[in-house]
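A structural walkthrough
Spelled out, the chains give:
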Amino acid sequence: MLFNTRIALAEDYDLSQSQIDEYQNNGHILLRNVIPESEVAELRTAVLRAHEALKDEEEDFQQAFRITQNLWEINDTVRAHVLSKRYAGIAAKFLGCRDVRIYHDLTFFKEGLGKGKPTPWHQDGHYWPLDTEKCITLWVPLIDCPVDMGPMSFVSGSHLNRNAEHLPISDESDEYIRNLVETENLSVAPAQHMNAGDATFHSCWTYHAAASNTTDRTRIAFAIAYYDADATVPLQPPTNARRAANLARWFPGAVPGGPAVTEKNPAVLCPLD
């Protein structure tokens, strides 16, 4: 599957070995200017339009944030970004794989004036129906995102375990991970100010959370989830209802033990795979 993309979205991001090491050691990293400044405004407009078009499918997670998913399927500008070699190249280097595939994209809108409640501590891996450790999410604010708007905090090194895998995002997962942080003296990397176009990358196994948005603006963020292009679907049935639903939705027709490859999961660096 081939798509035309802008030159800026195909240019390599200047990623250093020390940044690769930082991600692989900590399970998360903040990179500046991942989305070229010339592209941010158009992507923001496209995301807002696509989100509105998918309004009937919007999900509200405990009033912490609102999401819509797979905007790339209905909007050409979003598609150009989701299938950007620039972003996928970063993800592949962090994961140490030859290529990545798209799991899905999604919006993360957090309401201002405290209406967007704190996002509980959790591990995304609870939801991922894949047989691989090599999974990663790019998260980017499309407006400047000060700390009081609710960018993410992470627990460094937590991607090396699955201790909270059994818990969906909830007050229970929040309490469980807070207790682990305290009893095991884990290192929390606090949220940092992010300009529009800056991006965090985190493993699907990294504990993460976000504070409430106390500004007077809605936090507008967009994310792309990637995984190793050679990953497979687990041979055993999904271990929870959300994994089962995600397997059916994002990997239609995939078979247990087979490659995690469907028309919804294009490879990005080698798009003919």
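Residues numbered from 1 in each chain as written. Predicted model: local features only at pLDDT ≥ 70, side-chain atom pairs only at ≥ 80, totals over all residues. Heavy atoms only, no water.

Before going further, it helps to spend a moment on the overall build of the protein. Helices and strands together make up the secondary structure of the protein, namely 7 helices and 11 strands. In terms of C-alpha radius of gyration, the protein reaches 17 Å, essentially the compact-globule figure of 19 Å for 273 residues. With the principal axes as the frame, the protein shows a C-alpha extent of 45 × 45 × 45 Å. Burial statistics for the protein: of 273 residues in total, 56% are counted as buried. Sequence-distant contacts in the protein: of pairs separated by 6 or more residues, those separated by 24 or more amount to 85%. (Helix = DSSP H or I, 4+ residues; strand = E, 2+ residues; numbered from the N terminus. Rg over C-alpha atoms; globule rule 2.2 N^0.38 Å. Buried < 20%, exposed > 50% of the residue type's maximum accessible area, 1.4 Å probe, protein only. Contact = heavy atoms within 4.5 Å.)

Along strand β4 (residues 100–110), 11 of the 11 residues are buried, which leaves the element largely enclosed by surrounding structure. Alignment of β4 against strand β11 (residues 219–228), held across 10 bridges, turns out to be antiparallel. Bridge pairing links Val-100 to Asp-228 in β11. (Pairing = 2+ DSSP bridges.)

A few words on the packing of helix α2 (residues 17–26) against helix α5 (residues 85–95). Their axes nearest at 9 Å, the elements α2 and α5 cross at an angle of 65°. Crossing hand, α2 versus α5: right-handed. Of the residues in α5, those touching α2 at Gln-19, Ile-20, Tyr-23 and Gln-24 are Lys-93, Phe-94 and Leu-95. Taken together, the residues that form the contact of α2 with α5 break down as 4 nonpolar, 2 polar and 1 charged. (Axes fitted to C-alpha atoms, helices over the stretch in contact; angles between N-to-C directions. Left-handed = near helix turned anticlockwise from the far one by under 90°. Nonpolar A, V, L, I, M, F, W, Y, C, P; charged D, E, K, R; others polar.)

Mapping Glu-263 onto the fold places it in the segment after α7 (241–250). Taking C-alpha positions, Glu-263 is 39 Å from Ser-187, a pair spaced 76 residues apart along the chain.

What follows concerns the sheet that holds strand β5 (residues 119–122). One open sheet holds the 4 strands; their spatial order is β5-β10-β7-β8, and the pairing between them is antiparallel. With partners counted over all chains shown, the strands left at the sheet margins are β5 and β8 (187–189), one partner each. Looking at each pair of strands side by side, their axes are set apart by 20° on average, direction ignored. Inspection of the sheet shows β5 paired to strand β10 (residues 208–210) by 2 bridges, in the antiparallel sense. By the bridge assignment, Thr-119 is partnered in β10 with Ala-210. Contacts from helix α6 (residues 171–183) reach β5, β7 (152–156) and β8 within the one sheet, and its direction differs from that of β5 by about 55°.

Further remarks concern the state of the cysteines. The final tally for this structure, using the stated rule, is 1 disulfide. We note that Cys-97 lacks a disulfide partner, and the nearest cysteine sulfur, in Cys-135, lies 11 Å from it. Residue class for Cys-97 comes out buried when judged on its relative accessible area of 13%. The thiol of Cys-270 is unpaired, and the distance to the nearest cysteine sulfur, on Cys-97, comes to 11 Å. A relative accessible area of 34% means that Cys-270 is categorised as partly exposed. (Disulfide = S-S within 2.5 Å.)

Looking now at unusual backbone geometry. Notably, Asn-33 is not glycine yet its phi reads approximately 55°, a positive angle. By the secondary structure assignment, Asn-33 is in the loop between β1 (28–31) and α3 (37–53). Phi at Asn-185 takes a positive value of approximately 50°, unusual for a residue other than glycine. Structurally, Asn-185 is set in the loop between α6 and β8. Residue class for Asn-185 comes out exposed when judged on its relative accessible area of 71%.

The full count for this structure, using the stated rule, is 13 salt bridges. With a shortest N-O distance of 3.8 Å, Glu-59 and Arg-242 are connected by a salt bridge. Remark: Arg-242 occurs in helix α7 and Glu-59 occurs in strand β2 (residues 59–61); sequence separation between them is 183 residues. You can call Glu-59 partly exposed: its relative accessible area is 24%. Classification of Arg-242 as partly exposed rests on a relative accessible area of 33%. For the salt bridge of Arg-98 with Asp-230, the shortest nitrogen-to-oxygen distance reads 2.8 Å. Here the residue Arg-98 occupies a position in the loop between α5 and β4, and Asp-230 occupies one in the loop between β11 and α7, the gap between them amounting to 132 residues. Residue class for Arg-98 comes out partly exposed when judged on its relative accessible area of 44%. (Salt bridge = Lys/Arg side-chain N within 4 Å of Asp/Glu carboxyl O.)

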